[in-house]
Amino acid sequence: MAENQGSGGHRKLPRPLYERELYRLQTELVKLQEWVRAEGARLVVVFEGRDAAGKGSTIKRVTEYLNPRVARIVALPRPTERERTQWYFQRYTEHLPAAGEIVLFDRSWYNRAGVERVMGFCTPAEYQRFLRQCPVFERMLVEDGILLRKYWFSVSDEVQERRFRRRLSDPTRRWKLSPVDLESLTRWEEYSRAKDEMFVHTDIAESPWYVVESDDKRRARLNMMAHLLSTVPYHSIAPPTLELPARPPATGYRRPPRDLQTYVPDHAAGLGR
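The notes below deal with the structure included here. Every value quoted in this text rests on a predicted model; they were computed, and no experiment measured them.

So, on to the pairing of strand β1 (residues 42-49). Counted residue by residue, β1 has eight buried out of eight residues, so it is predominantly covered. Neither face of β1 is left uncovered, since the one carrying Arg42, Val44, Val46 and Glu48 and the one carrying Leu43, Val45, Phe47 and Gly49 both have all their residues buried. By the bridge criterion, six bridges tie β1 to strand β3 (residues 101-106) in an arrangement that is parallel. Bridge assignment links Val46 to a residue of β3, and that residue is Phe105. Relative to strand β4 (residues 147-154), β1 runs parallel, the two sharing seven bridges. For Phe47, the partnering residue across the bridge sits in β4 and is Tyr151.

What follows concerns the side chain of Glu28. Mapped onto the elements of the fold, Glu28 is located in helix α1 (residues 15-39). Side chain to side chain, Glu28 and Tyr234 meet in a polar contact 2.5 Å long. The contact partners of Glu28, leaving out residues within four places of it in the chain, are Leu229 and Tyr234.

Taken N-terminus to C-terminus, the directions of α1 and helix α10 (residues 217-231) make an angle of 30°; their axes are 10 Å apart at the nearest point. For the element pair α1 / α10, the angle class is roughly parallel. Note on packing geometry: the crossing formed by α1 with α10 is left-handed. Across the interface between the two elements, Arg15, Tyr18, Glu21, Leu22, Leu25, Gln26, Glu28, Leu29 and Leu32 of α1 pack against Arg218, Arg221, Leu222, Met225, Ala226, Leu228 and Leu229 of α10. Class assignment for the residues of the contact of α1 with α10 results in 10 nonpolar, one polar and five charged.

We now examine the pattern of salt bridges. For the coordinates displayed, the defined rule picks out 20 salt bridges. Of the charged contacts in the structure, one is a salt bridge between Glu83 and Arg91, with a shortest N-O distance of 3.5 Å. With relative accessibility at 22%, the residue Glu83 sits in the partly exposed group. Judged by relative accessible area, Arg91 falls into the buried class, the value being 8%.

Attention now moves to the packing of aromatic side chains. Across all of its chains, the model carries 20 aromatic pairs by this definition. With a centroid separation of 6.0 Å and an interplanar angle of 25°, the aromatic rings of Phe47 and Phe153 are classed as stacked. Here the residue Phe47 occupies a position in strand β1, and Phe153 occupies one in strand β4, the gap between them amounting to 106 residues. Residue classification places Phe47 among the buried positions, given a relative accessible area of 0%. Judged by its relative accessible area of 0%, Phe153 is buried. Taking 5.2 Å as the distance between ring centres and 85° as the angle between the ring planes, the aromatic pair formed by Trp109 and Phe137 counts as edge-to-face. Of the two residues, Trp109 is situated in the loop between β3 and α5 (115-119) and Phe137 in helix α6 (residues 124-143); the sequence distance between them amounts to 28 residues. Within the aromatic cluster, the residues linked to one another by ring pairs are Trp87, Tyr88, Phe89, Tyr92, Phe105, Trp109, Tyr110, Phe130, Phe137, Trp152, Phe199 and Trp209. The ring of Trp188 carries Arg50 above its face, with NZ or CZ at 3.5 Å from the centroid. Lying across the ring of Phe199, Lys195 places its NZ or CZ 4.6 Å from the centre.

Rules behind the numbers
- Residues numbered from 1 in each chain as written.
- Predicted model: local features only at pLDDT ≥ 70, side-chain atom pairs only at ≥ 80, totals over all residues.
- Heavy atoms only, no water.
- Buried < 20%, exposed > 50% of the residue type's maximum accessible area, 1.4 Å probe, protein only.
- Helix = DSSP H or I, 4+ residues; strand = E, 2+ residues; numbered from the N terminus.
- Pairing = 2+ DSSP bridges.
- Polar contact = N/O pair within 3.5 Å; in protein donor to acceptor, adjacent residues only side chain to side chain.
- Contact = heavy atoms within 4.5 Å.
- Axes fitted to C-alpha atoms, helices over the stretch in contact; angles between N-to-C directions.
- Parallel < 35°, antiparallel > 145°, perpendicular 65-115°, else oblique.
- Left-handed = near helix turned anticlockwise from the far one by under 90°.
- Nonpolar A, V, L, I, M, F, W, Y, C, P; charged D, E, K, R; others polar.
- Salt bridge = Lys/Arg side-chain N within 4 Å of Asp/Glu carboxyl O.
- Phe/Tyr/Trp six-rings, centres within 6.5 Å; stacked < 30°, edge-to-face > 60°.
- Lys NZ or Arg CZ within 6 Å of the ring centre and 35° of its normal.

Spelled out as structure tokens, the structure:
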């Protein structure tokens, strides 16, 4: 049972074609970054969607060549006891960008409309208040000049389960799974209904939702990146002229003897023997 049409029945994108287009889009993202910095723009990109839908891997590709002083990822842990007593959006507002910055939310304030709603981590009254306040909150952001883009990564239940099984058997990915993630398998329709209701209230003209079909992760990454670039009126910024200075002549400096310093063992030398 698919949440929607999945990847639209397309064949998996060949790796050489994918890597060529990925690099081209990443080059454009660097241009976008320089435009944001030069113009003092503020860009917020929200990544939401099903567990194992490819949000994290897409964020990794988006930021691969970006300056971490300009583009930063916000992935907040569960709220503290103090944060639970604050206005719900309060802990997110402190992470919003200043002029010349890009912020990518790996999960966001929409936790309340998804996992908190389905798992009972918030009260019905808190949930209804979120649905009323969220469009107002986002309209305020946009009215203040923030460029807000929201992406929902959609994946079919079959592909999600397959990715979960791979994570369970892969020691480098197992950390990505939590009991809450695994329970999403048994609550598929509840999450679908929660997402549909969330869209009804928060898919607004000022900050619409953009759905990324992600059964094919390669295709999803390219589609999301290309769409983001198409929605921002950036242009190339001429870089400053830089020239390598001439190396000055040696003045007799000598490195200290090797035995006076502690070196990392040459682990690589033993490989392939």
